[in-house]
Structure formats: structure tokens, C-alpha cells
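Each chain is listed here by its residues.
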2 protein chains.
Amino acid sequence: MNFSSQAAVMNFLNEVADEFPSAISLAAGRPTDRFFGRLNTGVLLDALSGYERHAAGGQDSLEVRARLLQYGRTAGMITDLVAQQLRMDEGVAASSDRLLITSGCQEALALCLPALCPDPTDVVLVCNPTYVGVTGAAQASRVPVFPIPNTRPDIVDGIEQSLYELHQSGRQARALYLIPNFDNPTGRVIDESQRRAILAICARLRIVVLEDNPYGMFRYEGQAVPPMAALDEAGCVIYLSTFSKTLAPAVRIGAATLPKTLFGDPAGSRALWQDLVQRKSFVTVNTSQINQAIVGGLLLDQNGSLQQWIQPTLAWYRSNRDAMLSQLAAVFEPVSNSIRWNRPAGGFFLNVDLPFRFDAEAVRECATNYGVIVMPMSFFALDNSQDQRIRLSFSAVNPEQIRIGLASLAQYVGQRMGQELPVLESVSAGS
Amino acid sequence: MNFSSQAAVMNFLNEVADEFPSAISLAAGRPTDRFFGRLNTGVLLDALSGYERHAAGGQDSLEVRARLLQYGRTAGMITDLVAQQLRMDEGVAASSDRLLITSGCQEALALCLPALCPDPTDVVLVCNPTYVGVTGAAQASRVPVFPIPNTRPDIVDGIEQSLYELHQSGRQARALYLIPNFDNPTGRVIDESQRRAILAICARLRIVVLEDNPYGMFRYEGQAVPPMAALDEAGCVIYLSTFSKTLAPAVRIGAATLPKTLFGDPAGSRALWQDLVQRKSFVTVNTSQINQAIVGGLLLDQNGSLQQWIQPTLAWYRSNRDAMLSQLAAVFEPVSNSIRWNRPAGGFFLNVDLPFRFDAEAVRECATNYGVIVMPMSFFALDNSQDQRIRLSFSAVNPEQIRIGLASLAQYVGQRMGQELPVLESVSAGS
């Protein structure tokens, strides 16, 4: 898939959503709005003022205000508070002097890819399927992507196969993009032994892992696996983080945390950090200090950690996931031999394998005649391996919408399979 | 100058400023902090609430809040208000559907350059010297820059000479970056007849003008010249604008306004807009809607125009410019044959021609021994034509600092010229 076709599919989905505003969207991967009332203007004001008092520390508050409204440090103003949150909440040994605040995590990706892959023979390895933001950023900055096949059960095997193919063609993997926790779009978690094996390969071949962890704090069951950045002894992981899911997308604050050394070399890590800072100065100059102060103030108010803050959201997502799993089991019970799905232990997404091709045409038919919008996995794929699979999101809907949406989807699936599935809920197009 | 050396000089200046915090900086081109008290937290809150009420228009305000805190439209939420402000304040026939809100104007540049120059033989024409943000953005996105010589009195001649040289070498100019009003770093204004001549050339050769106008509203004398976007009948001007100078840098809101047609083709302009929107989605997803709401609320409060809002700032900058011009005349009176400067009719900058080379070493010596920091013009140059010239900023200082800073600079200049200049103010290093 090329740059414009990726953008085209996202446009297509937005258009479908606009055209059928009453259709239930199981396609949108945004966080729930349900708890945004906690971020009313009064709270935003308190956060801003709270950060100002903290930053003033006895100084003239007018001077702090002036500093806040001016151009500011390119690497960011709240690196210490963000580093503390990463240490407390995500177990990453982040340090303020190796951290870069970005205008959303996407900017971190857009900066890292061309910095890590300067030569035409350099490539970034990505899972196939993967998040469209990484392939889009790569292609916008003319960095070639190379897929890791997902046909093997073990991702490490897939990485080794890709590296072999690259080597044969005279190209070099310089970076490896991964969402190890509750992957978008697959929902899968990479276990600790695979994480260690990947790190060993990357250390040996000097490949930088771009570990993107937007969903890590949203685990609904089981034990957390340590982030690759926490397991990284060789100095090969850049940890990408965001406040879009924990606080709200509109704060547009992300961060890239560099390792202490780059493959053992502290000066190498410092030079890479400086390169990223310089690149950022030519893209967004510096991240809005108003937004940084809001996030900083909220972190101060929460004593540095967002664990308490996310509890209501976490509980909500867990019950949404459970509603989705039980409704999938109910509506697809008669065809359980030909339709399968995974049970994600966290995050926003799961995948359903269908016995037929699900394409853009199918999206439109589902929206038009069944009042439900779902995401074809082919939109995330670099080949045709995902053509019979869909991604369902349970983050931006409620249990009732999940029940109705999946009952509607089942009607469509039954029609495609030439098999009438029982109607479990009263369903009408556009409901 | 290459990417890393540009970044290196900016770093160097920041380091000097950090090392000599009490030195007077005539190098910093940021807007004055003096009126930032008008943007206290209460005012920011009112702006946010005011925009929310406007956007709600009878709707449930919780829904507006949710929309505000979510991911949002990539092209921006306040395109209508920004288009209105551009029509009212800058005479540009902007329209909401051809406008893209960016995370600061720098992002607009970073998006436009690779979009306009996709092929390796494509180049962007820039003045020599020029703003480092354009050469930095070009080099970060691997777009070659080609200088317009500034040795001829007429910029049109320079453009034609550059186009001839490009043609000889088989390369194509796809874009031309200009700051027609009170240029950074030179302070010059391109007059209306030259603007029309440039537009005729660009229309003929299908070169897109990137018209950057951060200083246009800060004119201290004389008649405003219409923006090139207002003179553009052929459809070749993208107008770049920012709220960093009118409101505050921390809002990080800029905009790119596309022409109605691209070289006569409405579909071409639409396709370029869509390409820029897609590229933005892979860099910053969308511009913070908190910041957009703040700017939107302030625009609503000001009935759409910032003319009244900027009056105190405008008066302050004018008196700073006058203080700088009269102090230059006073301190350099004894050497007026060998030292010259221009009288800018607006903006933040003027240039001083010196009878000796002024380099990084000179910056350090001025800071260390004379307590004043100035900007070598060589930092903005693509060749050695600017080696004996400095840029002085009068935007972020007060008249007293201007008087002391220039008296100190004169002592340094006298020492370099082997000629003692009269001490007009009591000056001590680090004052």
C-alpha cells in the first residue's frame, strides 16, 4: 500500500462515518469521551495555574507566565514530570535529559524515522499488518518500510526471515517499529521471552527498536510484561509514549525517551537526541507550552502517576471488551467453526477472521444496510494476507452499541455466508 | 550551510545566551513579553469557554467539550475564524475550505516543501540570506534549496538569474519562499511592482510562491503593500500565517491558505490541499483543539480582527525601532562613512554593515567583554556574502536595553576598527 492509498482508506472511512452518522462505529479507535467531563475548563485552568505555581517556585509569577507564552525549549518544558510518570506508571527508567516532548506521539515517529534511516538503502521494519501512522510517516519522509511476515507463530522468526531477505537485497534495517502491548490493529502482546530475543537481535545488528506503547496502561487481566525499554541493556530502544489515551487526544503531548547509551555508546545516544531536537525545531519549533503546562499540572495534581486517574476508563474498557467477547460468542455461535476472533488482554482492539473477503465495498454495505461500521484489516496490511479479517474497536462505544452493532454485523455475515443467523437483538438499519 | 551546521549555529547562540544571562540580547527575534499579562489564565479560560459556547450554538455543551478534547479534523476546527481574520486584517481572500491549520507556521513550511518538491531535481528557491526555518525544513525533508543572489538591487533580476542557472543544470524550481514584508533577517519590503513581476514569472513557470507573512501587521510607517496572495490571479501563492507574533508563540497556531486554483486549475488546488492534509495527519495528526479553541475564542472576542489587540505591541515596537535607529546614529556618528544600516518600515529586524568580519568568535567576545549579543548575518547565509553584516532585533528588548546594548556594541566595533568611539552611556560588561 502506498502513501496516498493509506490516506485514501482513512478518508474513505471518515466519509462513510460522515455519510451514515447514525451507524454504530466499531471502526473508530479513539478513546472514550465518557470521562472527559473531568477535564472541564475549570480543571484545565487549575492545572495551568498549578503548573505555574510549581514552575515559579517563589519566582515572580509574571515571569513564569511570560516564559510559558513565549517560544520555549525545543525538547520541552515538562520533561522531568513526564520522565517521572514513565518511571512510576510504565516501569521505564526514563530520565529528563534523554527525553523529547513532541506534539503528539505521531510527531516522535515522524522525527525518528528519517533520523534513523538517512540512506536510501536503510529501511524500517514493521509488522504486517501495522498501525497506518508508521507506514504513513515513513512514506511521507521517504523512508522505505519492510514487512515482518505474520504468517509464522513467532514474531522473532518473522524478524529473522525479513532480515535475511533484506541482507540478500543489500539493504539495512535501521529501525524496528513495534507496539508490544495490545497491538493496533491485532491486539496481540509480545511475551517477555520474545521481547528479549528481539532485543538480542537488534543489539547485534544495531537496529533501533521504536517501542510504541499507547495502550500499555489499559490491561484488563493477567500480569504486565515489562516494556522492552525496561529490558534493554544494550541501548537499542526508543520508547514512544502519549497522553492521548490516558488524558485526552487534544492535549497533543507525546514523548520519545532515548536509551542511556546507543548500542553501548553514551555519546551516540546524546547525538541522536540532539539530532531529534534539531529536526523538531524545523517541524513544530517546540510543543505548545500551554498544553505542556496543562499536562504538567494534571501530573502534579495526581502526584506524578496517572494510575488512579485512569481507573474509571480502565473499568469501562474492560466491561466493553467483555461485552464484545460475549456478544461475539452469542451471535456467531451457529458458525463458530468458520469464524474466529482473539481475546485481547488489554487495549482497544480485537480481530475477527471471516470466511470471505471483507473490503471497502463490504464496509459501505454494512454501513448502508446494517447500520454498523467496521474496519477491514486489509487497510493495515502491506499485502493481501489480511483480506478476510476485520478489526473491531470497543473503546469509543458503549455495551449497548456493541450488542446492537455486533448483532447487525452478524446479519451481514450470515447473508454473505448464505446462512441465516438468529436475530438476538432488535436491529434496524441505521440504529 | 548544511542542516547540522544551521542547527549548530542556533544551538551556539542559545548556549551563549545561557552562558551570559545578563548580557543584553539584540539577537533574539521573539515577540515582546510585555503585553502577555493580557493572556492570563482567566482570559485563556474565557476564550476557551467563549469558543465552546460559539461552537455549541444551542447544542449540548458536554458534546462540544467531548469533541474539543478528542482527535479532530486534520485540517483544523477554526478554519472559518482564521479565514475571516486573514480577510479582515491581511487583505487575503482566504476561504475556510482552502485553509489548513498547522501546529505553528513552521509545520506548514515542513508540509509544503516535500509536497511541492517530490523529485530529486526539484528545488525550492530561497533568498540568500533567509530565515533558517526554511532551509532547515528543506534539509530535514531532503528538498534541495537554491539561493537567489542578493547582490543585485532588484530581487526579480536575482530570481531570473537563479532560474537560468537551474535550467542549465537540468533542475526545476517548484517553490519560491519569500517574506515580502519586513523580511527576516534583512527587514526589506518587496514593492508592489516587484511582487507583480515575481508573480508573472511564477505563473509562467508554474512555481508556487510560499508567502510567509509573520510581520505584515507590524508596520510603523508608510502604506501597506498588498500581500502577493491578494495580487495573485494565476493561482500560484500559498499564504503562510501565524498567531505567534499577534497573540503569543505558545498557542502554536499557524495556517496555510491555498489559492482558488493552482495555475488556473481548481482541482489542482483541491488535490494539493488534500495532499497537505494527508501529510499533516502523519506528522501531528491534528493541531491541538484546546489551542484552536483559545485562538478561536480570542478572535470571537475581538470580533474577528486582531487590529485593535496588537495596537499596544505595535506602538511599543515602533518606539523600539526608533530608539535603535537614533542610538545607531549616535554611537556610530564618528564612523558613519564605514558603517551603514537600513531603516525598516516594520517588523523586528535591521541589518548593520561593518567594515570587518563578524563571526561566532565575535559573538562570544561581544557577550563576554561587552555584555551584548548580536546575530551574525552569516548564520542566515548560503555563501560568504554576509560575513561583514549583523542582524539586530528590537522586538524583545526595551529602549533602555537598546541604548545600552548598542553603546556596548559600539565599544567593540571601535576596538575592532582600532578607533576609540565615544562612550555615550555608562556601560559595563554584563550590564
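Being a predicted model, the structure only gives us computed values, none of them experimental. Once a new chain begins, its residue numbering starts again from 1 and follows that chain's sequence as written. Numbering of ligands from 1 and lettering of chains from A proceed in the order in which they are written. For a predicted model such as this one, the threshold for reporting local features is a pLDDT of at least 70, and the threshold for listing and counting side-chain atom pairs is 80 or more; totals across whole chains, interfaces and linings nevertheless cover every residue.

1. Brief notes about the overall build of chain A
Think of it this way: any DSSP run of H or I at least four residues long counts as a helix, any run of E at least two long counts as a strand, and we number them from the N terminus. When helices and strands are tallied, chain A shows 14 helices and 13 strands. Computed over C-alpha atoms, the radius of gyration of chain A comes to 22 Å, within 12% of the 22 Å expected from 2.2 N^0.38 for 431 residues, which places it in the range of a compact globule. Overall size of chain A, expressed as C-alpha extent along the three principal axes, is 70 × 60 × 40 Å. A total of 431 residues make up chain A; the buried ones form 53% of that total. Looking at chain A alone, contacts between residues at least 24 apart form 74% of all its contacts between residues at least 6 apart. Computation of the radius of gyration draws on C-alpha atoms alone. For the globule rule, the value is 2.2 Å times the number of residues to the power 0.38. In this scheme the burial state of a residue depends on its C-beta neighbours within 10 Å: 20 or more other such atoms mean buried, 12 or fewer mean exposed, and anything in between means partly exposed; the C-beta positions come from the backbone. Any two residues are considered in contact once their C-beta atoms, placed from the backbone, lie within 7 Å.

2. Structural notes on the sheet that holds strand β10 (residues 349-353) of chain B
Residue and element names in this part refer to chain B. DSSP calls a pair of strands paired once it identifies at least 2 bridges connecting them. Judged by pairing direction, the sheet is antiparallel, and its 4 strands sit side by side in the order β9-β10-β13-β12 without closing on themselves. In the strand order of this sheet, the two ends are held by β9 (340-341) and β12 (375-376), each with one partner. Of the strand pairs in this sheet, β12 and strand β13 (residues 389-393) are connected by 2 bridges, and their pairing is antiparallel. When the bridges of β13 are listed, Pro 376 appears paired with Ile 390.

3. Some points on the domain arrangement of chain A
All names here are of chain A. Each domain's extent is set by a domain assignment, obtained either automatically or from a database. Each assigned domain of chain A is listed with its residue range as follows: domain 1 (3-29 + 310-417) and domain 2 (70-301). A straight line from the C-alpha centre of domain 1 to that of domain 2 covers 27 Å. At the junction of the two partners, domain 1 supplies 27 residues and domain 2 supplies 26 residues. At the level of secondary structure, the elements contributing two or more residues to the side of domain 1 that touches domain 2 comprise α1 (3-19), α12 (311-331) and β10 (349-353). Note on residue classes: Ala, Val, Leu, Ile, Met, Phe, Trp, Tyr, Cys and Pro are nonpolar, Asp, Glu, Lys and Arg are charged, and everything else, Gly too, is polar. For the side of domain 1 that touches domain 2, a count of residues per class yields 15 nonpolar, 8 polar and 4 charged.

4. Considerations on the relation of the copies chain A and chain B
Put simply, the two copies of the chain differ by a rotation about an axis and a shift along that axis. Least squares is the method used to superpose the copies, on C-alpha atoms of residues holding a pLDDT of at least 70 in both. The two copies are related by a screw operation: chain A maps onto chain B through 180° of rotation and 0.0 Å of translation along the axis, at an RMSD of 0.0 Å. Here the two chains are linked by the operation of a two-fold rotation axis.

5. Here's the deal with the interface of chain A and chain B
Taken together, the 45 residues of chain A in the interface contact 45 residues of chain B. Contributing elements (two or more residues each) for the side of chain A that touches chain B: α2 (41-56), α3 (61-69), α5 (105-116), α6 (132-140), α10 (266-281) and α11 (289-301) of chain A. A class-by-class count of the residues in the side of chain A that touches chain B yields 21 nonpolar, 17 polar and 7 charged.

6. Quick word on the sheet that holds β10(A)
The strand order across the open sheet formed by 4 strands is β9-β10-β13-β12 (chain A), and the pairing between neighbours is antiparallel. Strand pairing shows two members of the sheet lacking a second neighbour, β9 (340-341) and β12 (375-376) of chain A, which therefore form its edges.

7. With respect to helix α5 (residues 105-116) of chain B
For a helix, the expected span equals 1.5 Å multiplied by the number of residues minus one. Helix length check: α5(B), at 12 residues, gives a terminal C-alpha distance of 17 Å against a target of 16 Å (1.5 Å per residue), a fit within 8%. Along α5(B), the residues classified as buried are Cys105(B), Gln106(B), Glu107(B), Ala108(B), Leu109(B), Ala110(B), Leu111(B), Cys112(B), Leu113(B), Pro114(B), Ala115(B) and Leu116(B).

8. Details of unusual backbone geometry
With an omega of 5°, the peptide bond running from Asn128(A) to Pro129(A) counts as cis. Residue Pro185(A) is bonded to the preceding Asn184(A) through a cis peptide linkage, with omega at 15°. Its place among the elements puts Pro185(A) in the loop between β5 (172-178) and α8 (192-205). One non-glycine residue, Val285(B), lies in positive phi territory at about 65°. Inspection of the secondary structure assignment puts Val285(B) in the loop between α10 (266-281) and α11 (289-301). Residues other than glycine seldom take positive phi values, yet Asn303(B) does so here, at roughly 55°. Inspection of the secondary structure puts Asn303(B) in the loop between α11 and α12 (311-331).

9. Let's talk about the pairing of strand β6 (residues 208-212) of chain A
All names here are of chain A. β6 sits mainly inside the fold: 5 of its 5 residues count as buried. Burial of the side chains of β6 extends over both faces: Val 208, Leu 210 and Asp 212 are buried on one face and Val 209 and Glu 211 on the other. Alignment of β5 against β6, held across 4 bridges, turns out to be parallel. Each residue of the ladder has a partner; that of Ala 175, found in β6, is Val 208. A crossover links β5 with its parallel partner β6, the connecting element being α8, and its sense is right-handed. Examined bridge by bridge, β6 and strand β7 (residues 237-242) share 4 bridges and lie parallel to one another. Here is how to tell: hold the view so the strands point away, follow the path from the first strand over the helix to the second, and if it runs clockwise the crossover is right-handed.

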